[in-house]
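So you can see what is in the structure, the chains are spelled out below.
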Amino acid sequence: MTATTLTSTQGAGRAGDKIFSGAALAAGCLILAVLFGVALFLVVQAIPALTAPSAEIQGGEGFFAYIWPIVIGTLIAAVIALVIATPIAIGVALFISHFAPRRLAAGLGYVVDLLAAIPSVIYGAWGAAFLAKEISPAYNWLAANMGWLPIFQGPASATGKTILTAGIVLSVMVLPIITSLSREIFLQTPKLHEEAALALGATRWEMIKMSVLPFARPGIISAVMLGLGRALGETMAVALVLSSGALTASLIQSGNQTIAAEIALNFPEASGLKVSTLVAAGLVLFIITLAVNMVARWIISRHKEFSGAN
Amino acid sequence: MSKRIDVKDLNVYYGDFLAVEDVTINIEAKSVTAFIGPSGCGKSTFLRTLNRMHEVIPGARVEGEVMLDGDNLYGPGVDPVTVRSQIGMVFQRPNPFPTMSIRDNVLAGVKLNNKKISKGEADVLVERSLKGANLWNEVKDRLEKPGSGLSGGQQQRLCIARAIAVEPQVILMDEPCSALDPISTLAIEDLINELKDQYTVVIVTHNMQQAARVSDRTAFFNIAGTGKPGKLIEVGDTHTIFSNPTQKATEDYVSGRFG
């Protein structure tokens, strides 16, 4: 009797379990299949450009000579965006999570989230039509006073449509991503650790340094990497803001180009080998993003022993 | 290195709700005072008002006086940060900083407020504090390992080491053994016995045997019913409270008739 009751466990719950585990497995496989499909497409389509004789590639000096200036341009724009956005985002997130009165915090968090809802083409238009014009006097000043630094070498662009402007627009776009993720992490800091710091006689800032920031470190890194992903791949804003050209060290002259904007601007009129070249550029962008994410994971895992997880 | 605490007519509120009503109690220096009472009677809340840690809870506020050797903790211009550096606290669940090594955990409070300390001094202080918390022999070979790798009882002693490293006047303990096994509990109780030679110790406990074992004086808190404020019913020598209390409620509680 007991044997039968123990073995007969076919109820609705059992079927639900099976359906759920099947659905979860399918979803997991689907992600892998999509990723693999995209990678396969990129590689297959890129092969003609990678194997073509150098003279036939745009610029006439082969794929590598074509791609590396825009890789550098992409990285410059993304780094500018992160250098500006990360400290501001962490500051805003800390203000919302630990300093602002509760009502103000809720409102402010909402406003920051709204920033993420603005379409990128609007940011592009704003950057091109407004910010570039307003910021060009500042570029002139930089060229006159800091011109000895290669990155601020004059003459500054008269239109202000430079890689620095593009970077600033990108920083506004990645700001809400980094802010809202950091804020969520900051709010999850165990009360226990905050109280431990306060009970030792820590000021609020010291409490944040001792308990909140160490706890949130992996989360902040993930948030920054997500922001970096957005900055690397952002197309429309850069295409509208940047008056592109050859690779230049100066951030305040027109010039430079990013991979995403290069693809977007040239794809509609491309054919034959040109399409293949652009797809190959896309493959390079894909690899960069993948590498960035892997490095981020490695940084996070390096300090696992000291993380709050154990 | 120890001061007495005199509390007079203290009320604690959460918003408009009166949580603890009209507590007047004198806590002797270099002694162990235990707070006992049923759950929700306000003893932990009251303990937190002794180093202004209740201010972390939104809406919590107090009326009345808490004098640390004559200085009112709630006087005008008194900085809660200074109060807490003089009155340390150990919590219910061990809470070493997970991202810090054992050594850095001990030094955490000392390095606050931009104080600089040489490596030699730091070594001496770490050893003295860990010895003071009866933990030195267990961790001396792994001071650079994370504090979160220790057992629960060791973590709690690490927290005590961290608290005594800043040389406070008073150490408050909020049910320090409630998350620990009996062996670890015994280690902490032995430690409390040693701590009272140098510090004023106040301990909240659910465990009446523990109060009887470790404390010199015991205060019994009670609550008339849900929604009513907690009150201090009686305070006296531990021996008297457990053998010959003046209040009926105290006698019922310590004899196990309720709570």
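What you see is a predicted model, and the numbers here were worked out from it, not measured in a lab.

Chemist: Can you break down the overall build of chain A residue by residue, with the values?
Modeler: Scanning chain A from N- to C-terminus turns up 11 helices and 0 strands. Element order for chain A, N to C, with α for helix and β for strand: α-α-α-α-α-α-α-α-α-α-α. The C-alpha radius of gyration computed for chain A amounts to 25 Å, which surpasses the reference 19 Å derived for 310 residues by more than 25%, pointing to a less compact arrangement than a globule. Along the first, second and third principal axes, the C-alpha set of chain A runs to 85 × 55 × 35 Å. Buried positions account for 38% of the 310 residues belonging to chain A. By sequence separation, contacts in chain A at least 24 residues apart represent 77% of the contacts at least 6 residues apart.

Chemist: Lay out the environment of Ala 46 of chain A in plain terms, naming residues and giving numbers.
Modeler: All names here are of chain A. Examined against the element boundaries, Ala 46 turns out to sit in helix H2 (residues 12-51). With 20 C-beta atoms packed within 10 Å, Ala 46 lands in the buried category. With 237 residues separating them in the primary sequence, Ala 46 and Leu 283 have C-alpha atoms 7.5 Å apart. Contacts of Ala 46, omitting those with residues within four sequence positions, involve Ser 276, Val 279, Ala 280 and Leu 283.

Chemist: Explain the confidence of the model for chain B residue by residue, including any values.
Modeler: A residue-level look at chain B finds 99% of positions with pLDDT of 70 or above and a mean pLDDT of 91. Taken over the whole predicted complex, pTM reads 0.82, whereas the ipTM for its chain interfaces reads 0.89.

Chemist: Just give me the short version of the interface of chain A and chain B, but keep the residues and values in it.
Modeler: Each partner contributes residues to the interface: chain A has 19 residues there, and chain B has 21 residues. Listed by contribution, the elements that provide at least two residues to the side of chain A that touches chain B are helix H7 (191-199) and helix H8 (204-233) of chain A. When grouped by side-chain class, the residues that make up the side of chain A that touches chain B number 9 nonpolar, 7 polar and 3 charged.

Chemist: Go over the nonpolar core with me, naming the residues and quoting the values.
Modeler: Ala 77 of chain A together with Ile 171 of chain B are the most contacted members of the largest nonpolar core, which totals 151 residues. Setting aside residues up to four positions removed in sequence, Ile 171 of chain B forms contacts with Gly 88, Val 90, Ala 163, Ile 164, Leu 195, Tyr 199 and Val 201 of chain B.

Chemist: I'd like to hear about the pairing of strand E6 (residues 87-90) of chain B, residue by residue, with values.
Modeler: Residue and element names in this part refer to chain B. Where burial is concerned, the two faces of E6 agree: the one with Ile 87 and Met 89 and the one with Gly 88 and Val 90 are both buried. Bridge count between E6 and strand E7 (residues 170-174): 4 bridges; the pairing is parallel. Within the sheet, the bridge partner assigned to Gly 88 lies in E7 and is Ile 171.

Chemist: Could you give an account of unusual backbone geometry, with specific residues and numbers?
Modeler: Residue and element names in this part refer to chain B. Residue Arg 52 is not a glycine yet carries a positive backbone phi of 60°. Relative to the elements of secondary structure, Arg 52 occurs in the loop between helix H1 (43-49) and strand E4 (60-68). Of the residues examined, Arg 52 has 23 C-beta atoms within 10 Å and is grouped as buried. One non-glycine residue, Asn 134, adopts positive backbone phi at about 55°. For Asn 134, the location among the structural elements is in the loop between helix H4 (119-132) and helix H5 (136-139). Classification of Asn 134 as partly exposed rests on a count of 17 C-beta atoms within 10 Å.

Chemist: Please provide a residue-by-residue account of the sheet that holds strand E3 (residues 32-36) of chain B, values included.
Modeler: All names here are of chain B. Ordered in space as E5-E4-E1-E2-E10-E9-E3-E8-E7-E6, the 10 strands form an open sheet in which the pairing is mixed. Bordering the open sheet on either side are strand E5 (71-72) and E6, each of which pairs with just one other strand. Two strands pair when backbone bridges link them, and E3 and strand E8 (residues 200-204) are joined in this way by 4 bridges, in the parallel orientation. When the sheet's bridge partners are listed, Ala 34 is paired in E8 with Ile 203.

The rules we used
Residues numbered from 1 in each chain as written. Chains lettered and ligands numbered in written order. Predicted model: local features only at pLDDT ≥ 70, side-chain atom pairs only at ≥ 80, totals over all residues. Helix = DSSP H or I, 4+ residues; strand = E, 2+ residues; numbered from the N terminus. Rg over C-alpha atoms; globule rule 2.2 N^0.38 Å. Buried ≥ 20, exposed ≤ 12 C-beta atoms within 10 Å, placed from the backbone. Contact = placed C-beta atoms within 7 Å. pLDDT = per-residue confidence, 0-100. Nonpolar A, V, L, I, M, F, W, Y, C, P; charged D, E, K, R; others polar. Core = buried A, V, L, I, M, F, W, Y, C linked by C-beta atoms within 7 Å. Pairing = 2+ DSSP bridges.

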